[in-house]
Amino acid sequence: MPASGDSSPGDGADGCQMTVELGDRSYPIHVATLATGRFAAALVEATGDLSHALVIYDQAVESWAQELCEKISASAVRVDRRAVPSGEPSKSIQQYAELLDWILQSGADRRSVVVAVGGGVVGDLAGFVAASYARGIRFVQVPTTLLAMVDSSVGGKTGINLAGAKNMVGAFWQPDLVWADTASLDSLPERSYLSGLAEVVKYGVIEDAAFFSWLESNASALVNRDPAALRHAIRQSCLCKARVVKEDERETSGRRAILNYGHTFAHAIEATAGYGQWLHGEAVSIGMQMAASLAIQLGQCDADLLERQTTLLTRCGLPVRFPDADVDAMLPVMGRDKKVAHGKLRFILPSRIGAVELVGDVDESEVRRAVEAHR
Ligand SMILES: NC(=O)c1ccc[n+]([C@@H]2O[C@H](COP(=O)([O-])OP(=O)(O)OC[C@H]3O[C@@H](n4cnc5c(N)ncnc54)[C@H](O)[C@@H]3O)[C@@H](O)[C@H]2O)c1
Ligand SMILES: O=C(O)C(=O)C[C@@H](O)[C@H](O)[C@H](O)COP(=O)(O)O
Ligand SMILES: [Zn+2]
């Protein structure tokens with residue numbers, strides 16, 4: 001089994017547990033409350049001889065992080081904590097360097113564990129700190145946004161941005177444990193919550209037609225944060241991501257690249273608009289629209305796919321246009337995409353709902369047309 005979802009007695013309203021299987025190891029994803037002693041127990045179990053935790057948290061979840069630190073210290077573990085300013089600009093070399101200095105000053109050693117508490121920004125940043133300090137120390141993800149629960153906390157992509165090149169510096173560094181408590185989403189602003197739904201829709205398009213249909217029927221429940229719908233969406237997303245990551249952990253075979261559907265355009269949208277202007281999920285929503293248009297232009301899929309995708313994204317409250325698109329500015333950014341091979345752009349394009357392909361050799365004029373179609 002590539003990725004497993006344990007049907008334990010705790011599976012249901014109380015939460016669920018899944019496992020990310022890798023070549024030589026595995027780690028658990030718990031979707032469960034932090035309000036019990038189970039988190040501290042799972043942390044100690046996942047990290048072995050834990051004596052020092054470095055909690056790096058988004059300043060927006062200060063009280064959540066404080067509570068977590070108390071739980072960890074209750075297990076006789078020394079805890080140091082540090083806030084990171086909210087927002088995409090924190091995925092920077094400057095923030096990265098400041099965190100490394102702080103870790104050094106805190107007297108960390110190779111048995112210390114970095115615990116990231118926040119959304120994808122803090123997860124990616126703290127993960128890269130963990131991947132590189134002392135050539136790599138252990139790492140735990142406590143996602144507090146929907147996007148981080150369904151995507152960024154799982155799979156081990158960590159990193160920071162360069163101007164005009166998203167996630168350009170980083171490492172594959174898997175966590176030892178992922179713990180998602182959906183109660184932390186109670187304080188998440190609407191815009192950030194909806195942005196996470198874009199990556200959920202992505203899983204339906206790339207791999208799972210039945211899940212896409214389920215999303216079509218349950219979009220309003222999800223938008224209204226219905227607990228059962230939310231649990232189902234998180235679980236299906238994590239299972240899909242774990243399955244793909246297991247098959248191509250370091251994105252070498254092309255299999256993992258399917259998780260990049262919409263992202264060649266999305267990263268160019270984020271970088272040209274200025275990091276933080278569009279939330280990542282919003283940019284992914286528009287990027288998937290552009291990718292679907294490109295696939296239709298190339299005769300790879302029917303117009304019906306774009307219609308269904310547009311309807312679903314719109315019902316999820318997501319943007320489907322980039323009115324300020326400057327394709328001359330976007331193209332050079334797209335040229336730095338990590339899927340580029342021998343100087344040529346490659347895109348993940350759908351052939352039908354539930355199936356995508358890695359496509360190269362696309363004419364620049366077609367790319368321009370796909371961007372213009374969603375201005
Ligand atoms: N590593 C991966 O596989 C992967 C996958 C997808 C996205 N990403 C990255 O993730 C980032 C986007 O993540 P995101 O959407 O979580 O954004 P984010 O981390 O910026 O969080 C969104 C906003 O919500 C706030 N916030 C976080 N948790 C909160 C809570 N519980 N209550 C109130 N406010 C809260 C943050 O301060 C921020 O303002 C991007 O940098 C993207 O590139 C990485
Ligand atoms: O996990 C992956 O693989 C992904 O591509 C997930 C994406 O949603 C995510 O945004 C990722 O950070 C993009 O990675 P990049 O290598 O294209 O920067
Ligand atoms: Zn993404």
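Residues numbered from 1 in each chain as written. Chains lettered and ligands numbered in written order. Predicted model: local features only at pLDDT ≥ 70, side-chain atom pairs only at ≥ 80, totals over all residues. Heavy atoms only, no water.

Q: Tell me about the domain arrangement of the chain, and name the residues and values.
A: Domain annotation for the chain reports domain 1 (8-186) and domain 2 (261-372). Centre-to-centre separation of domain 1 and domain 2, based on C-alpha positions: 30 Å. The interface is formed by eleven residues belonging to domain 1 together with ten residues belonging to domain 2. Interface area, domain 1 with domain 2, both sides summed: about 880 Å², of which 62% is carbon and sulfur. Viewed at the interface, domain 2 and domain 1 are joined by one salt bridge. Taking the shortest distance from any N to any O, the salt bridge between Glu 270 and Lys 166 comes out at 3.0 Å. The interface formed by domain 1 and domain 2 holds six residue pairs in polar contact (both at pLDDT 80 or more) in total. Its residues assigned to classes, the side of domain 1 that touches domain 2 shows six nonpolar, three polar and two charged. (Domains from an automatic or database assignment. Contact = heavy atoms within 4.5 Å. Buried area = accessible area lost by both parts, 1.4 Å probe. Salt bridge = Lys/Arg side-chain N within 4 Å of Asp/Glu carboxyl O. Polar contact = N/O pair within 3.5 Å; in protein donor to acceptor, adjacent residues only side chain to side chain. Nonpolar A, V, L, I, M, F, W, Y, C, P; charged D, E, K, R; others polar.)

Q: How would you summarise helix 2 (residues 62-73) if you had to cite specific residues and measurements?
A: For helix 2, with twelve residues, the first-to-last C-alpha span of 16 Å sits near the 16 Å given by 1.5 Å per residue. Packed against the buried residues of helix 2 are helix 1 (38-47), strand 4 (52-58), strand 5 (78-84), strand 6 (113-118) and strand 7 (138-143). (Helix = DSSP H or I, 4+ residues; strand = E, 2+ residues; numbered from the N terminus. Expected span 1.5 Å × (residues − 1).)

Q: Which residues make up the pairing of strand 8 (residues 157-162), and what are the values?
A: In terms of strand pairing, strand 8 meets strand 9 (residues 165-172) through five bridges, oriented antiparallel. Looking at the pairing, Lys 157 lines up with Phe 172 of strand 9. The antiparallel hairpin formed by strand 8 and strand 9 contains two residues in its connecting segment, where Gly 164 sits at a positive phi of about 75°. (Pairing = 2+ DSSP bridges.)

Q: I'd like to hear about the UniProt feature "domain: 3-dehydroquinate synthase N-terminal" (unreviewed entry) in the chain, residue by residue, with values.
A: In the numbering used here, UniProt assigns the "domain: 3-dehydroquinate synthase N-terminal" (unreviewed entry) feature to residues 83-193. Between the end C-alpha atoms of residues 83-193 there is a gap of 21 Å, over a span that is 33% helix and 29% strand. (UniProt positions renumbered as here; feature names shortened; annotations may be inferred.)

Q: Report on empty space enclosed by the protein, specifying residues and quantitative values.
A: Summed over the entire model, instances satisfying the criterion amount to two cavities of 30 Å³ or more. Roughly 80 Å³ of internal volume is contained in the largest cavity. Along the walls of the largest cavity sit Ala 165, Lys 166, Met 168, Thr 264, His 267, Ala 268, Val 333, Met 334, Arg 336, Asp 337 and Lys 338, which together make up its complete lining. Contributing elements (two or more residues each) for the lining of the largest cavity: strand 9, helix 9 (263-273) and helix 12 (327-334). (1 Å grid on protein atoms, 1.4 Å probe; cavity = no way out; pocket = protein on both sides within 12 Å on 5 of 7 lines; lining within 4 Å. Points joined across faces, edges and corners; volume = space filled by probe spheres on them.)

Q: Give me the lowdown on unusual backbone geometry, citing residues and values where you can.
A: If you check the backbone angles, Ala 134 has positive phi at about 55° while not being a glycine. Along the chain, the position of Ala 134 falls in the loop between helix 4 (120-132) and strand 7. Since its relative accessible area comes to 32%, Ala 134 is described here as partly exposed. A positive phi angle, near 55°, is found at Asp 361, a position not held by glycine. (Buried < 20%, exposed > 50% of the residue type's maximum accessible area, 1.4 Å probe, protein only.)

Q: Would you mind going over the site of ligand 2 in detail, with residue names and values included?
A: The full set close to ligand 2 counts 13 residues, and Asp 151, Asn 167, Lys 241, Arg 256 and Lys 338 are the nearest of them. Contacts to ligand 2 include Asn 260, whose side-chain N or O atom sits 2.9 Å from an oxygen atom. Within the side chain of His 263, a nitrogen or oxygen atom sits 3.0 Å from an oxygen atom of ligand 2. Residue classes in the shell around ligand 2 are distributed as one nonpolar, five polar and seven charged. When residues of the shell around ligand 2 are assigned to domains, at least three map to each of domain 1 (8-186) and domain 2 (261-372). (Near = heavy atom within 4 Å.)

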